[in-house]
Number of protein chains: 2
Amino acid sequence: MAERTDAEHNAKMAKIKVARDRIVEGKTQEKGLLIVHTGNGKGKTSAALGMVVRAIGHGMKVGVIQFVKGAWETGEKPVFDRFADLIEFKPMGEGFTWDTQDRARDVAVAREAWDEVKRMIADPSYAMVVADELNIVLRYDYLPLDEVLAVLAAKPADTHVIVTGRNAPQALIDMADLVTEMTLVKHPFREQGVKAQKGIEF
Amino acid sequence: MAERTDAEHNAKMAKIKVARDRIVEGKTQEKGLLIVHTGNGKGKTSAALGMVVRAIGHGMKVGVIQFVKGAWETGEKPVFDRFADLIEFKPMGEGFTWDTQDRARDVAVAREAWDEVKRMIADPSYAMVVADELNIVLRYDYLPLDEVLAVLAAKPADTHVIVTGRNAPQALIDMADLVTEMTLVKHPFREQGVKAQKGIEF
């Protein structure tokens, strides 16, 4: 491993300190952010949940709407139940059929979930609103993108809104304050299908 | 926006279902995973916290060691305090000076934190151990990489270990089961420094 000089190390640490101070400084402005977690990797919803935990830890009221209910997203429920005064958690995606024969029903489910998001965003008592997997619903045109963007653009200045899901529309990325792409580098269930490569790689 | 045919839509949905079933199936094996969150974007620690929330929601015991204490990582404390029976949360990074004049002290702080991680990994009662920002400590050679890899390689089969921080060593990525890179697409505090571009971009 390459040796780093003290000067290099100090310069790097000074940079980190400046960046941190700037973030802390920014935080005192308490500007509500529009945050997008997208990409094909894991962690989009997990990172939103982590932010929810921090928010409720600060006593902020949070609304979470799950547009698509995943089988592996049940663990947080018992935790949220203990903070029922601060979290309104609504898994709205159970009704999805993903059946194109009954597309009208899925559009109705998406609409119902979106109406909840709109209500929470319009209510300034919510400091943070999470629209989990909204990007997937937009991807399938179950909601009009223009309407979604208009609501997000008109959100109260102090409200944080977090939108998750792969394939975030470019217009949403353009509007957002903070966008992170979770990139899949390595996945255990992927690897199962390509076990032979293990003998090649190491 | 391009129209998708029913056939395309159904094929996509069938793929998603297969992928989900495979993940659920994999989960029943209950193999403990070595998970790495790296990259220059936000969400590495947040995603780990989200996983912690799910784990405690399932009644699993979790240990969290923070190698580097960030000013913005205080919100989770009050939440964790309510689950004191399931979470052992240790912010160990307060002692870091990042002062190369006193590198020995920082090495000692890193060692103390690592000893805690080692203890938790060795204790099978912990179902999940989070080594938050361990990658940064490795980056500065405050701990011997070989020792860290040896401990991770010898972890109990059922234990999940999550390592976060930018600049994950390649050898750690090679060893890990699941690696996600959080990529910075857009950052509000970055944007503050380049405000002029706003008039150009939109």
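Residues numbered from 1 in each chain as written. Chains lettered and ligands numbered in written order. Predicted model: local features only at pLDDT ≥ 70, side-chain atom pairs only at ≥ 80, totals over all residues. Heavy atoms only, no water.

Draft legend 1. The overall build of chain A, seen in detail. Per the secondary structure count, chain A includes nine helices and six strands. Looking at the 202 residues of chain A, the share that counts as buried comes to 51%. Expressed as a percentage of contacts within chain A between residues at least 6 apart in sequence, the contacts between residues at least 24 apart total 80%. Entry remark: accessible area of chain A is about 9,400 Å², with carbon and sulfur atoms responsible for 53%. (Helix = DSSP H or I, 4+ residues; strand = E, 2+ residues; numbered from the N terminus. Buried < 20%, exposed > 50% of the residue type's maximum accessible area, 1.4 Å probe, protein only. Contact = heavy atoms within 4.5 Å. Areas by Shrake-Rupley, 256 points an atom, 1.4 Å probe, with all protein chains shown as cover.)

Draft legend 2. Summary view of the pattern of salt bridges. Using the criterion set out here, one finds 20 salt bridges over all chains in the structure. With a shortest N-O distance of 3.1 Å, lysine 90 of chain A and glutamate 116 of chain A are connected by a salt bridge. Taken as a pair, lysine 90 of chain A in strand β3 (residues 87-91) and glutamate 116 of chain A in helix α4 (residues 103-122) lie far apart in primary sequence, 26 residues in all. Accessibility expressed as a relative area gives 16% for glutamate 116 of chain A, which makes it buried. Salt-bridge contacts for aspartate 81 of chain B lead to lysine 77 of chain B; the nearest nitrogen and oxygen are separated by 3.1 Å. (Salt bridge = Lys/Arg side-chain N within 4 Å of Asp/Glu carboxyl O.)

Draft legend 3. Molecular detail of α4 of chain A. For α4 of chain A, built from 20 residues, the straight-helix expectation of 28 Å at 1.5 Å per residue is met to within 8% by its first-to-last C-alpha distance of 28 Å. Looking at the buried positions of α4 of chain A, the neighbouring elements they touch are β2 (62-66), β3, β4 (128-132), α5 (134-139), α6 (145-153) and β5 (160-164) of chain A. (Expected span 1.5 Å × (residues − 1).)

Draft legend 4. Summary view of the pairing of strand β6 (residues 178-186) of chain B. Across seven bridges, the pairing between strand β6 (residues 178-186) of chain A and β6 of chain B is antiparallel. When the sheet's bridge partners are listed, methionine 182 of chain A is paired in β6 of chain B with methionine 182 of chain B. When strand β1 (residues 34-38) of chain B meets β6 of chain B, the two strands line up parallel, connected through four bridges. Looking at the pairing, threonine 38 of chain B lines up with glutamate 181 of chain B of β6 of chain B. (Pairing = 2+ DSSP bridges.)

Draft legend 5. Representation of the side chain of aspartate 132 of chain B in the model. Position of aspartate 132 of chain B relative to the elements: it lies in strand β4 (residues 128-132). Of the polar contacts made by the side chain of aspartate 132 of chain B, one reaches the side chain of threonine 45 of chain B; its length is 2.6 Å. (Polar contact = N/O pair within 3.5 Å; in protein donor to acceptor, adjacent residues only side chain to side chain.)

Draft legend 6. Focus on the packing of helix α4 (residues 103-122) of chain B against helix α6 (residues 145-153) of chain B. All names here are of chain B. In the contact formed by α4 and α6, the axes pass within 10 Å of each other and the chain directions differ by 15°. Considered as vectors, α4 and α6 are oriented roughly parallel to each other. Taken as a pair, α4 and α6 cross one another with a handedness that is left-handed. In contact with Arg111, Trp114, Lys118 and Ile121 of α4, α6 contributes Glu147, Val148, Val151 and Leu152. Split by residue class, the contact of α4 with α6 holds five nonpolar, no polar and three charged. (Axes fitted to C-alpha atoms, helices over the stretch in contact; angles between N-to-C directions. Parallel < 35°, antiparallel > 145°, perpendicular 65-115°, else oblique. Left-handed = near helix turned anticlockwise from the far one by under 90°. Nonpolar A, V, L, I, M, F, W, Y, C, P; charged D, E, K, R; others polar.)

Draft legend 7. Looking closely at the packing of aromatic side chains. A complete count under the given rule lists six aromatic pairs over all chains for this structure. Ring plane angle 20° and centroid distance 6.0 Å describe the contact between phenylalanine 96 of chain A and tyrosine 142 of chain A, whose orientation is recorded as stacked. Taken together, the residues phenylalanine 96 of chain A in the loop between β3 and α4 and tyrosine 142 of chain A in the loop between α5 and α6 connect sequence positions 46 residues apart. The exposure class of phenylalanine 96 of chain A is buried, given its relative accessible area of 10%. Three or more aromatic residues joined by ring pairs make a cluster, and in this case those are Phe96, Tyr140 and Tyr142 of chain A. The ring of phenylalanine 83 of chain B carries the charged tip of arginine 82 of chain A above its face, separated from the ring centre by 4.1 Å. (Phe/Tyr/Trp six-rings, centres within 6.5 Å; stacked < 30°, edge-to-face > 60°. Lys NZ or Arg CZ within 6 Å of the ring centre and 35° of its normal.)

Draft legend 8. Structural context of the confidence of the model for chain A. Per-residue confidence for chain A gives a mean pLDDT of 82, with 75% of residues at or over 70. Here residues 192-202 of chain A is modelled with pLDDT under 50, and outside its nearest four sequence neighbours on either side it reaches one contact, counting other chains as well. (pLDDT = per-residue confidence, 0-100.)

Draft legend 9. Representation of the sheet that holds strand β2 (residues 62-66) of chain B in the model. Read from one edge to the other, the open sheet built from 12 strands follows the order β3(A)-β2(A)-β4(A)-β5(A)-β1(A)-β6(A)-β6(B)-β1(B)-β5(B)-β4(B)-β2(B)-β3(B), with strand pairing classed as mixed. Each edge of the open sheet is held by one strand with a lone partner, namely β3 of chain A together with β3 (87-91) of chain B. Within the sheet, the average angular offset between the axes of one strand and its neighbour, ignoring direction, is 15°. Here β4 of chain B pairs with strand β5 (residues 160-164) of chain B via four bridges, running parallel. Paired with methionine 128 of chain B across the two strands is histidine 160 of chain B, which belongs to β5 of chain B.

Draft legend 10. Structural detail: unusual backbone geometry. Residue and element names in this part refer to chain A. Phi is positive for aspartate 141, close to 55°, though the residue is something other than glycine. Checked against the element boundaries, aspartate 141 lands in the loop between α5 and α6. Residue aspartate 141 is classed as partly exposed on the basis of its relative accessible area of 30%.

Draft legend 11. Just the environment of leucine 178 of chain B, in detail. Structurally, the position occupied by leucine 178 of chain B is in strand β6. When the C-alpha positions of leucine 178 of chain B and valine 36 of chain B are compared, they lie 6.4 Å apart, and in sequence the two are 142 residues distant.

Draft legend 12. Up close: empty space enclosed by the protein. Residue and element names in this part refer to chain B. Overall, the coordinates contain one cavity of 30 Å³ or more when judged by the stated rule. Of the voids in this model, the largest cavity is the one considered here, and its volume is about 40 Å³. Considering the residues around the largest cavity, the lining is formed by Thr45, Ala48, Leu49, Val64, Gln66, Glu76, Phe89, Val130 and Asp132. The set of elements that each furnish at least two residues to the lining of the largest cavity consists of α2 (44-57), β2 and β4. At three residues, the largest contribution of residues to the lining of the largest cavity is made by α2. The class makeup of the residues in the lining of the largest cavity is five nonpolar, two polar and two charged. (1 Å grid on protein atoms, 1.4 Å probe; cavity = no way out; pocket = protein on both sides within 12 Å on 5 of 7 lines; lining within 4 Å. Points joined across faces, edges and corners; volume = space filled by probe spheres on them.)

Draft legend 13. Seen up close, the packing of helix α2 (residues 44-57) of chain A against α2 of chain B. Their axes nearest at 6 Å, the elements α2 of chain A and α2 of chain B cross at an angle of 80°. Taken together, α2 of chain A and α2 of chain B sit at an angle that is classed as roughly perpendicular. Along the contact surface, α2 of chain A presents Thr45, Ser46, Ala47, Leu49, Gly50, Met51, Val53 and Arg54 of chain A, while α2 of chain B presents Thr45, Ser46, Ala47, Leu49, Gly50, Met51, Val53 and Arg54 of chain B. Looking at the contact of α2 of chain A with α2 of chain B, its residues break down into eight nonpolar, six polar and two charged.

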